Amino acid sequence: MSAGVAEYRPYTLVAELTYACPLRCVYCSNPVDYARHGATLDTETWLGVLRDAEALGVVQLNLTGGEPLLRKDLEALVAEAERLELYTNLITSGIPATRDRLARLKDLGLDNVQISIQDVTAASADRIAGRHAFERKLRVARWVKELDLPLTLNIVLHRENLDRIEDMIAFAERLDADRLELANTQYLGWALLNRAALLPSAEQLKRARERAAAARERLKGRMEILFVTPDYYVERPKACMDGWGRRFVLVSPDGLVLPCHLAHTLPGLVWESVRERSLAEIWRDSAGLNAYRGEAWMPEPCRSCERRTADFGGCRCQAYHLTGDAHATDPTCVLSPHHDLIEDARRDATAAAQYPASASPSLIYRSARISAGATSQDARTSTVKFRPTH
Amino acid sequence: MTPDARPRLAPKVRLRHDAKTDRYLLLYPEKGMQLNPTAAAIVQLCTGERTVADIVAALAEQYTSQPREVVEREVYSFLTALNDRALLRTEP
């Protein structure tokens, strides 16, 4: 597999600057074992990664984490990204932001601020975030607009908040957000631990999708609205990350070069670090990145499927964390021999819609304590018992 | 999109040259759009000072091989598409 051809050009660098975060969201997309990872990269190494990424063809930079604002060198990274003409998007909880720092980052060339919002009431939002965060986020979102920085709100959807989708849209309109991502939880990592409490029913999802579509039409040209369906309710899998190691390159806080934020939870793959080799060499040669490029790895029904060049077999992490085999067809595909796993989860969600909320399983919050005791495979078969203390 | 509208790129949009393909890219949150030379020429004229009519006139002068009405249709359809995606601001 040659990665030198245009087929494998990264357009977006996802820079996970740290796994540290003030929030404890029950669907955090960091790996469950995040606390077991090594020391974070220093400023010089990150600056080198930005330069190498741009030379490889990267034009978009997502500064994310964890919480990227916890890094004191964010200013230096944004300044270098501006020099490299990268489109720089800060993906933040908002919590550590100050108005002065946002103004400084804007002056240095920051292009967009994306703030995660858990819900539109303080009580329900803070329940998901695991701490008081809602009011603070609201203030930060207002600063972003006052500073005339483009604002994206990312609201993660699940059973507890999907019925409030119209309130969410009204909330985004009041804040004059430029872009609203209504992104359903994807059930990997911490979210897979909480799937029984969070997965919506088909009926609930359909209602929300229709309301989002109506709002998208109404607000066309003013606010961009994106509705992301959970993989569990698509007939055919999405092209995860636009294909493995194809359009996105992710660098983890400790320097691993990955195709996505969870690939290092798959067993048996070898990942290389930007501490050891240049990003360009790793992009081309990494055994992990080359493992699922192209079609040679595909089993049936993918191998002979006409959609194999459109969806690339779906999500490898989902395949592994649901079936135990990272080579398997993504079980969300109706053609997967493991599709019953998805149907069972949907059936449970439909049944749960009949119960009162109090009958829902208690939520497992992201925590360093659980994470330090986890192995990367714990998202599959977790027996962790944890009750929130608030 | 009216002839006297004065479009400029929305603040969330960045235009850059791509050395790998020698094309211009429009970049905005989580997405990018590769522009063909005509589209790039149109975007470069979206400064907030020129009207859509000015942009049509400038393009028609540059692409003399095309009938003016074809140029006009292309400008309107492209700018409308950008506007629908909230990638433009149009001064009144």
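Procedures and definitions
Residues numbered from 1 in each chain as written. Chains lettered and ligands numbered in written order. Predicted model: local features only at pLDDT ≥ 70, side-chain atom pairs only at ≥ 80, totals over all residues. Helix = DSSP H or I, 4+ residues; strand = E, 2+ residues; numbered from the N terminus. Buried ≥ 20, exposed ≤ 12 C-beta atoms within 10 Å, placed from the backbone. Contact = placed C-beta atoms within 7 Å. Nonpolar A, V, L, I, M, F, W, Y, C, P; charged D, E, K, R; others polar. Pairing = 2+ DSSP bridges. Right-handed = clockwise from strand over helix to strand, strands pointing away. Axes fitted to C-alpha atoms, helices over the stretch in contact; angles between N-to-C directions. Expected span 1.5 Å × (residues − 1). Core = buried A, V, L, I, M, F, W, Y, C linked by C-beta atoms within 7 Å. pLDDT = per-residue confidence, 0-100.

Draft legend 1. Just the overall build of chain B, in detail. Counting its secondary structure elements, chain B contains 3 helices and 5 strands. Each helix (α) and strand (β) of chain B, taken in turn from the N terminus, gives the series β-β-β-β-α-α-α-β. Taken along its principal axes, the extent of the C-alpha atoms in chain B is 35 × 30 × 20 Å. Taken across its 92 residues, chain B has 26% of its residues classed as buried. Put simply, 51% of the contacts in chain B that link residues at least 6 apart link residues at least 24 apart.

Draft legend 2. Main features of the interface of chain A and chain B. Taken together, the contact between chain A and chain B spans 21 residues of the former and 14 residues of the latter. Elements supplying a minimum of two residues to the side of chain A that touches chain B: strand 3 (87-92) and strand 4 (112-117) of chain A. Of the residues that constitute the side of chain A that touches chain B, the class distribution is 5 nonpolar, 7 polar and 9 charged.

Draft legend 3. The arrangement of the pairing of strand 5 (residues 151-157) of chain A in detail. All names here are of chain A. By the criterion of burial, strand 5 is predominantly enclosed, with 6 of the 7 residues buried. Where strand 4 and strand 5 come together, 5 bridges link them in parallel fashion. Considered in strand 5, the bridge of Gln114 is made with Thr152. In terms of strand pairing, strand 5 meets strand 6 (residues 179-184) through 6 bridges, oriented parallel. Pairing of Thr152 across the sheet is with Arg179, part of strand 6. Handedness of the crossover joining strand 5 and strand 6 through helix 6 (residues 165-174): right-handed.

Draft legend 4. Representation of the sheet that holds strand 5 of chain A in the model. All names here are of chain A. The mixed open sheet is built from 9 strands, whose spatial order is 7-6-5-4-3-2-1-8-9. Pairing within the sheet leaves two strands with one partner each, and these edge strands are strand 7 (224-228) and strand 9 (257-258). Note that strand 8 (residues 248-251) and strand 9 share 2 bridges and pair antiparallel. The residue of strand 9 that forms the bridge with Leu250 is Leu258. Sheet strands in contact with helix 6 are strand 5 and strand 6, and its direction is about 155° off that of strand 6.

Draft legend 5. Seen up close, helix 1 (residues 43-56) of chain A. All names here are of chain A. With 14 residues, helix 1 extends 20 Å from end C-alpha to end C-alpha; this agrees with the ideal 20 Å at 1.5 Å per step. For helix 1, the secondary structure elements touched by its buried residues are strand 1 (12-16), strand 2 (60-64), helix 2 (74-83), strand 8 and helix 10 (279-285). Gly57 sits one or two residues past helix 1 and shows a positive phi near 120°.

Draft legend 6. View of the sheet that holds strand 4 (residues 31-35) of chain B. All names here are of chain B. Spatially, the 3 strands line up as an open sheet ordered 2-3-4, and their pairing is antiparallel. Looking at strand neighbours, the two that pair on one side only are strand 2 (14-18) and strand 4, the edges of this open sheet. Put simply, the sheet's adjacent strands are angled 30° from each other on average, direction ignored. Bridge count for strand 2 against strand 3 (residues 23-28) is 5 bridges, and the pairing is antiparallel. Paired with Asp18 across the two strands is Arg23, which belongs to strand 3.

Draft legend 7. Up close: the environment of Ala39 of chain A. All names here are of chain A. Mapped onto the elements, Ala39 comes out in the loop between strand 1 and helix 1. According to the C-beta neighbour criterion, Ala39 is exposed, with 9 such atoms within 10 Å. For the pair Ala39 and Gly255, spaced 216 residues apart in sequence, the C-alpha to C-alpha distance is 8.9 Å.

Draft legend 8. Quick peek at the nonpolar core. The biggest cluster of nonpolar side chains holds 132 residues, and the ones touching the most others in it are Leu153, Leu182 and Val257 of chain A. What Leu153 of chain A contacts, discounting residues up to four positions off in sequence, is Ile115, Ile117, Ala141, Ala172, Leu175, Ala177, Leu180 and Glu181 of chain A.

Draft legend 9. Spotlight on the confidence of the model for chain B. Per-residue confidence for chain B gives a mean pLDDT of 93, with 99% of residues at or over 70. Predicted complex, confidence summary: ipTM 0.91, pTM 0.93.

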